[in-house]
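Coordinate inspection notes
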Amino acid sequence: MVTSSSSWARALVQISPYTFSAIGIAISIGVSVLGAAWGIYITGSSLIGAAIKAPRITSKNLISVIFCEAVAIYGVIVAIILQTKLESVPTSKMYDPESLRAGYAIFASGIIVGFANLVCGLCVGIIGSSCALSDAQNSSLFVKILVIEIFGSALGLFGVIVGIIMSAQATWPNGA
């Protein structure tokens, strides 16, 4: 068992599972929105700069901004799903292994979704930037790069799928 009162293992067991759940939900939505904002920043600045040379690219390259915004929506959806996993547990069962497991599962799910969407937002933003710049030079490249951007946005969906699978492990003990 744990012998030192300052060990990490003891701290992890004594923090409320609801705290871990809340942090996981916050990371899911917060880091996903950060990824979306970062991607929009990267894409938007290149889109505005490239539109000076070729104003025709502005409307069709907004799809890159929409892909970045979808990353934030993924985080919101998963945060709602994780929020529905929370259940009331009697104080006597708060630190039961089943409660701790549920809290850790929601926490892990939130971290996975948040950071997968952070990377996805960056990926889509960088590819969207390249799409805008190359489309300004040669309009035949737009569809080819858009396909690559779709594959980049699939990274966020993979994170959502893994997060949902992880959150299925969150079962709280029954009251009584």
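This structure is a prediction, so every number in the text was calculated from the model and none was measured. (Residues numbered from 1 in each chain as written. Predicted model: local features only at pLDDT ≥ 70, side-chain atom pairs only at ≥ 80, totals over all residues. Heavy atoms only, no water.)

Section: the overall build of the protein chain
Along the protein chain, the regular secondary structure elements total six helices and zero strands. Principal-axis analysis of the C-alpha atoms gives the protein chain an extent of 65 × 30 × 20 Å. Burial status across the protein chain gives 43% buried among its 176 residues. In the protein chain, once contacts between residues fewer than 6 apart in sequence are set aside, the share between residues at least 24 apart is 87%. Accessible area of the protein chain: about 9,100 Å², with a carbon and sulfur share of 73%. Within the protein chain, the 6 negative side-chain charges are centred at a point lying 9 Å from the centre of the 8 positive side-chain charges. (Helix = DSSP H or I, 4+ residues; strand = E, 2+ residues; numbered from the N terminus. Buried < 20%, exposed > 50% of the residue type's maximum accessible area, 1.4 Å probe, protein only. Contact = heavy atoms within 4.5 Å. Areas by Shrake-Rupley, 256 points an atom, 1.4 Å probe, with all protein chains shown as cover. Lys, Arg positive; Asp, Glu negative; His and termini not counted. Charge placed at Lys NZ, Arg CZ, Asp CG, Glu CD.)

Topic: the packing of aromatic side chains
Tallied over the entire structure, the rule returns three aromatic pairs. Summarising the aromatic geometry, the rings of Phe 20 and Tyr 104 are spaced 5.0 Å apart at their centres and angled 80° between planes, so their arrangement reads as edge-to-face. Of the two residues, Phe 20 sits in helix α2 (residues 17-53) while Tyr 104 sits in helix α5 (residues 97-137), which places them 84 residues apart along the sequence. The exposure class of Phe 20 is buried, given its relative accessible area of 9%. (Phe/Tyr/Trp six-rings, centres within 6.5 Å; stacked < 30°, edge-to-face > 60°.)

Side note on the UniProt feature "transmembrane region" (unreviewed entry) in the protein chain
Residues annotated in UniProt with the feature "transmembrane region" (unreviewed entry) correspond here to residues 20-41, 62-82, 102-129 and 141-166. For residues 102-129, the end-to-end C-alpha separation is 40 Å, with 100% helix and 0% strand making up the annotated structure. Within the segment residues 141-166, helix and strand shares are 96% and 0% respectively, and the terminal C-alpha atoms sit 39 Å apart. (UniProt positions renumbered as here; feature names shortened; annotations may be inferred.)

What about the UniProt feature "domain: V-ATPase proteolipid subunit C-like" (unreviewed entry) in the protein chain?
Here the UniProt feature "domain: V-ATPase proteolipid subunit C-like" (unreviewed entry) sits at residues 23-82 and 107-166. The straight-line gap between the two end C-alpha atoms of residues 23-82 is 11 Å; of that span, 93% is helix and 0% is strand. Annotated as residues 107-166, this span is 93% helix and 0% strand, and its ends, taken at the C-alpha atoms, are 9 Å apart.

Topic: helix α6 (residues 142-167)
Its 26 residues give α6 an end-to-end C-alpha distance of 38 Å, which sits within 8% of 38 Å, the value for a rise of 1.5 Å per residue. Restricting attention to buried positions, one finds in α6 the residues Phe 142, Ile 145, Leu 146, Glu 149, Gly 152, Ser 153, Ala 154, Gly 156, Gly 159, Val 160, Gly 163 and Ser 167. Tucked into the core, α6 has its buried residues touching α3 (57-60), α4 (62-84) and α5. (Expected span 1.5 Å × (residues − 1).)

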